[in-house]
Each structure stands twice: as structure tokens, then as C-alpha cells.
Amino acid sequence: MSAVAVRLRHRSRRKGVGLGLVAWLLGILFFLPIAWMALTSFHSEEDAATNPPSFAASLTLDGYREFFGAGGGASPWPALINSTVASVASTLFVLVLALPAAYALSIRPVKKWTDVLFFFLSTKMLPAVAGLLPLYLFAKNTDMLDNIWLLVILYTSMNLPIAVWMMHSFLAEIPVAIIEAARVDGARLPTILARVVAPIALPGIAATALICFIFSWNELLFARVLTGVVAETAPVFLTGFITSQGLFLAKVCAASLVISLPVLAAGFAAQDKLVQGLSLGAVK
């Protein structure tokens, strides 16, 4: 091996090590706030409020007990159930609607399909607060205030454009010959979507579903304004712990960690599908 090749190999190795260190540093920086929140949730309110914070403070589960209503407070289970219903139902509706739309725009493209995609994406540019008053008046006139199915409809409409945009790129990578072969065998469109397109594009569908679920679970503005007691979601329930008086930091950290667990669990369970789906089509 020549000296130039050895030099290039060492330079490439040093570059890889440097990139690895940068990746680890960024990962630690992103993880530190979560670790800090988790540690604070196990402290008493007095220890959590100290400045500077005490790392050697005794640990306790009081914050979690208060979150789950042990101190006589409201139970978080109705809010958690509402968030689960709104997030899961809206994600399923988005997938059912986005799959045939993405199929029409990628595998069976319509005229000016790029304009259609940009129109879908342009709907996400409207500030959410700009549509808050019309939606509130609509919900009030239709007696749908404090109704969980109103949130399902809103989350479906909010996530549908980004889902169509994502799934279009995933479905565009499916070989057309496979679909043509299924059509020659007599398969109709629903069968092609369910038994041919969906299995091949499963990583992309999983990535789209995870992102839609996260967006729905974390949404606060519409849930705060359009719900009350019956359809209260977990983020709205979380804001109830923040008061103008008293200590609430440990309780808020405990509640935030519990409410974040479904999203973290879903992301961890689908991380391979998410990486595979988001990188689909990146390498030819």
C-alpha cells in the first residue's frame, strides 16, 4: 500500500472518529434536559426548588403520587385515555386517507401533481391561532365543544397534508411492474393497496404513523380552547399543575415524564422502521 493511500486511510479514520464524537456530544446535549427532568421528578418540592439544585437530595415518589391523584387531586387517567383515543384514531384515519391519495399522486400520477403536493403543504403554513376562532364558532354552533371526536377530526385534517407528502415519496420507490402484474392477475385497487402497496411501503407507513401520532399527542392549543372536562387531553391536564403560588416543579416534571412515555415508547418500538422509512429513496 502506497504512502498516499495510507495517509488517506488515516485521514478518513480521523474524520470518522471526529464525526462520531460530534454525534455523541449532540446526543448527550439532547438527552441532558430529559435526564434532568427525570431526576427532578424524584425530588421533593423543596429540593426541586433549590437554586443551585442539589444533586445529593433524597429521592421520593411524592411527585408521581400527586400526579396520580393520591393527594386528593384529579385523576390523570381520563385525560390520558382522551389523548390516546384522539391520537390513535386520527392517525388511523390519516393513514386510510393518505395511502390512496399518495398512490394517485405517485404511482398513478394526476395532471399537475406537483401543484397538488405544494397545495397540501401550503395548508401547513397557516398559523394555527388564525383558525382558532372559526373552529371555536363551528364547534359551538354544532354542539361539539368538549367532544373528543372534534379533536379527532381536527388532528386528522392537520396531519393529512404532511402524511400525503411523506407517503408520496415512499410510494414513488415501489416498482410499477409489481403493481402492473397484480392488475393483470385481476386485483382491484383496494386489493392492490392492501396486499401489494402497503406491505412494500410498510417502513414509510410506520414512519408517517409515528410522526402523526406524536403531533396529535403533543397538540395543546386546540385541545386547550375546544375542550373542558370531558374531552380534556394529557397536555391540557399537565398545564393544570402550574399555579401562581406554591411549589409545583417536581410534580410537573413527574407529570411530563409520564405523559412523554407513550411517545418515547412508540419511537423506541418503531425506531428501525422510522430510520428505514425516512431514508427510503435517499440512496439510489
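Since the structure is predicted, the reported quantities are computational estimates derived from the model, not experimental observations.

Draft legend 1. Molecular detail of the overall build of the chain. Tallying secondary structure elements over the chain gives 14 helices and 0 strands in all. Order of helices (α) and strands (β) in the chain, N terminus to C terminus: α-α-α-α-α-α-α-α-α-α-α-α-α-α. Among the 284 residues that make up the chain, the fraction classed as buried is 35%. A separation of at least 24 residues holds for 76% of the contacts in the chain among residues at least 6 apart in sequence. Surface summary for the chain: the accessible area is close to 16900 Å², and the carbon and sulfur share equals 70%.

Draft legend 2. Quick peek at helix α9 (residues 189–200). Over its 12 residues, α9 runs 15 Å from end to end, which matches the ideal 16 Å to within 8%, given 1.5 Å per residue. All of the buried residues in α9 are Ile192, Leu193, Val196, Val197 and Ala198. In this fold, the buried residues of α9 make contact with α4 (77–106), α7 (148–171), α8 (176–184) and α10 (202–218).

Draft legend 3. Quick peek at unusual backbone geometry. The phi angle at Asp143 is positive, at roughly 55 degrees, despite the residue not being glycine. Turning to its location among the elements, Asp143 is positioned in the loop between α6 (132–141) and α7. Although it is not a glycine, Asp146 adopts a positive phi angle of roughly 60 degrees. Mapped onto the elements, Asp146 comes out in the loop between α6 and α7.

Draft legend 4. Examining the packing of aromatic side chains more closely. Following the criterion strictly, the structure yields 7 aromatic pairs and no others. Taking 4.9 Å as the distance between ring centres and 75 degrees as the angle between the ring planes, the aromatic pair formed by Phe67 and Phe68 counts as edge-to-face. Under the relative-accessibility criterion, Phe67 is labelled buried at 1%. Both rings, one in Phe67 and one in Phe241, keep their centres 5.9 Å apart while their planes meet at 50 degrees; by these two values the pair is tilted. Of this pair, Phe67 sits in helix α3 (residues 62–67) while Phe241 is found in the loop between α12 (234–239) and α13 (249–269), placing the two residues 174 residues apart along the sequence. The same class applies to Phe67 as to Phe241, namely buried. Site record: aromatic cluster; members linked through ring pairs are Phe67, Phe68, Trp77, Phe237 and Phe241.

Draft legend 5. How the structure looks around the confidence of the model for the chain. Taken residue by residue, the chain gives an average pLDDT of 83. The fraction at 70 or more is 87%. At the low end of the mean pLDDT range in the chain sits helix α14 (residues 271–278), at 61; at the high end sits helix α11 (residues 221–226), at 93.

Draft legend 6. Structural view of the packing of α4 against α7. Axis separation between α4 and α7 bottoms out at 6 Å; the angle between their running directions is 35 degrees. Both α4 and α7 take part in a crossing whose hand is right-handed.

Draft legend 7. Expanded view of the UniProt feature "transmembrane region" (unreviewed entry) in the chain. Sites flagged by UniProt as "transmembrane region" (unreviewed entry) map to residues 17–39, 85–105, 117–136, 148–171, 192–216, 222–241 and 248–270. With 100% helix and 0% strand, the stretch residues 17–39 has end C-alpha atoms that lie 31 Å from each other. As annotated, residues 85–105 comprises 100% helix and 0% strand, and the C-alpha atoms at either end are separated by 30 Å.

Draft legend 8. Local environment of the nonpolar core. Tyr103, Leu171, Ile179 and Val197 are the most contacted members of the largest nonpolar core, which has 29 residues in total. Formed by 19 residues, the second largest nonpolar core is a distinct cluster that contains Phe67, Leu80, Phe213 and Val258.

Calculation rules
- Residues numbered from 1 in each chain as written.
- Predicted model: local features only at pLDDT ≥ 70, side-chain atom pairs only at ≥ 80, totals over all residues.
- Heavy atoms only, no water.
- Helix = DSSP H or I, 4+ residues; strand = E, 2+ residues; numbered from the N terminus.
- Buried < 20%, exposed > 50% of the residue type's maximum accessible area, 1.4 Å probe, protein only.
- Contact = heavy atoms within 4.5 Å.
- Areas by Shrake-Rupley, 256 points an atom, 1.4 Å probe, with all protein chains shown as cover.
- Expected span 1.5 Å × (residues − 1).
- Phe/Tyr/Trp six-rings, centres within 6.5 Å; stacked < 30°, edge-to-face > 60°.
- pLDDT = per-residue confidence, 0-100.
- Axes fitted to C-alpha atoms, helices over the stretch in contact; angles between N-to-C directions.
- Left-handed = near helix turned anticlockwise from the far one by under 90°.
- UniProt positions renumbered as here; feature names shortened; annotations may be inferred.
- Core = buried A, V, L, I, M, F, W, Y, C linked by side-chain atoms within 4.5 Å.

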